Amino acid sequence: MDIDRGIRVAVDTGNVILGSDKSIQELKLGKGQLVIVAGNCPKDIREDVERYSKLSDITLYNYDGTSVDLGSICGKPFTVATLIIKDPGDSTILEVMG
């Protein structure tokens, strides 16, 4: 399965939190199944996300594209540096990530 398609299906049919501030809040609470970080995510945000995902035992995926790419995949007219998949819906992205 294509990662981009998996993200899009999860956004359309599941429960996905977009944005670094909300993502970090969810990670602190230990909520979510997968966190995705854009390749050009600012270093301080990336470090926070990595730290809290490790503490919460939530899988982290480093997306190769930029935050602009990630935003367009999600169907949003803005950049998305991080996102958390709480419920994948009809997407099989969690199975692909292992």
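Our subject is the structure that appears above.
Here's a quick rundown of the structure. (Residues numbered from 1 in each chain as written. Predicted model: local features only at pLDDT ≥ 70, side-chain atom pairs only at ≥ 80, totals over all residues. Heavy atoms only, no water.)

Counting 16 residues, the largest nonpolar core has Ile-7, Ile-36, Leu-70, Leu-83 and Ile-85 as its most contacted members. Going through the elements one at a time, α1 (3-13), β2 (34-37), α4 (67-73) and β4 (82-87) are the ones with two or more residues in this core. At four residues, α1 tops the list of elements feeding residues into this core. Contacts of Leu-70, omitting those with residues within four sequence positions, involve Ile-7, Ile-36, Ala-38, Tyr-63, Val-80, Ala-81 and Leu-83. Val-35, Val-37, Ile-58 and Ala-81 belong to the second-largest nonpolar core, a separate cluster that totals eleven residues. (Core = buried A, V, L, I, M, F, W, Y, C linked by side-chain atoms within 4.5 Å. Buried < 20%, exposed > 50% of the residue type's maximum accessible area, 1.4 Å probe, protein only. Helix = DSSP H or I, 4+ residues; strand = E, 2+ residues; numbered from the N terminus. Contact = heavy atoms within 4.5 Å.)

At a closest axis distance of 9 Å, the pairing of helix α2 (residues 20-28) and helix α3 (residues 43-56) adopts a crossing angle of 25°. Relative to α3, the element α2 lies roughly parallel. Helix-helix and strand crossings are classified by hand; for α2 and α3 the assignment is left-handed. From α2, Ser-20, Ile-24, Leu-27 and Lys-28 reach across to α3, where they touch Ile-45, Asp-48, Val-49, Tyr-52, Ser-53 and Ser-56. For the contact of α2 with α3, the per-class residue count stands at five nonpolar, three polar and two charged. (Axes fitted to C-alpha atoms, helices over the stretch in contact; angles between N-to-C directions. Parallel < 35°, antiparallel > 145°, perpendicular 65-115°, else oblique. Left-handed = near helix turned anticlockwise from the far one by under 90°. Nonpolar A, V, L, I, M, F, W, Y, C, P; charged D, E, K, R; others polar.)

A few words now on the state of the cysteines. In the structure shown here, the tally under the stated rule is zero disulfides. No disulfide involves Cys-41; its sulfur sits 14 Å from the nearest other cysteine sulfur, which is in Cys-74. Classification of Cys-74 as buried rests on a relative accessible area of 2%. (Disulfide = S-S within 2.5 Å.)

So, about the packing of aromatic side chains. With the rule as written, the count across this model stands at zero aromatic pairs. Over the aromatic face of Tyr-52 sits the side chain of Arg-51, whose NZ or CZ is 5.6 Å from the ring centroid. (Phe/Tyr/Trp six-rings, centres within 6.5 Å; stacked < 30°, edge-to-face > 60°. Lys NZ or Arg CZ within 6 Å of the ring centre and 35° of its normal.)

So, on to the environment of Val-9. Assignment of secondary structure puts Val-9 in helix α1. Look at Val-9 and you get buried, because its relative accessible area is 18%. Taking C-alpha positions, Val-9 is 16 Å from Val-80, a pair spaced 71 residues apart along the chain. Residues within four places of Val-9 in sequence aside, it is in contact with Gly-14, Pro-88, Asp-90 and Ser-91.

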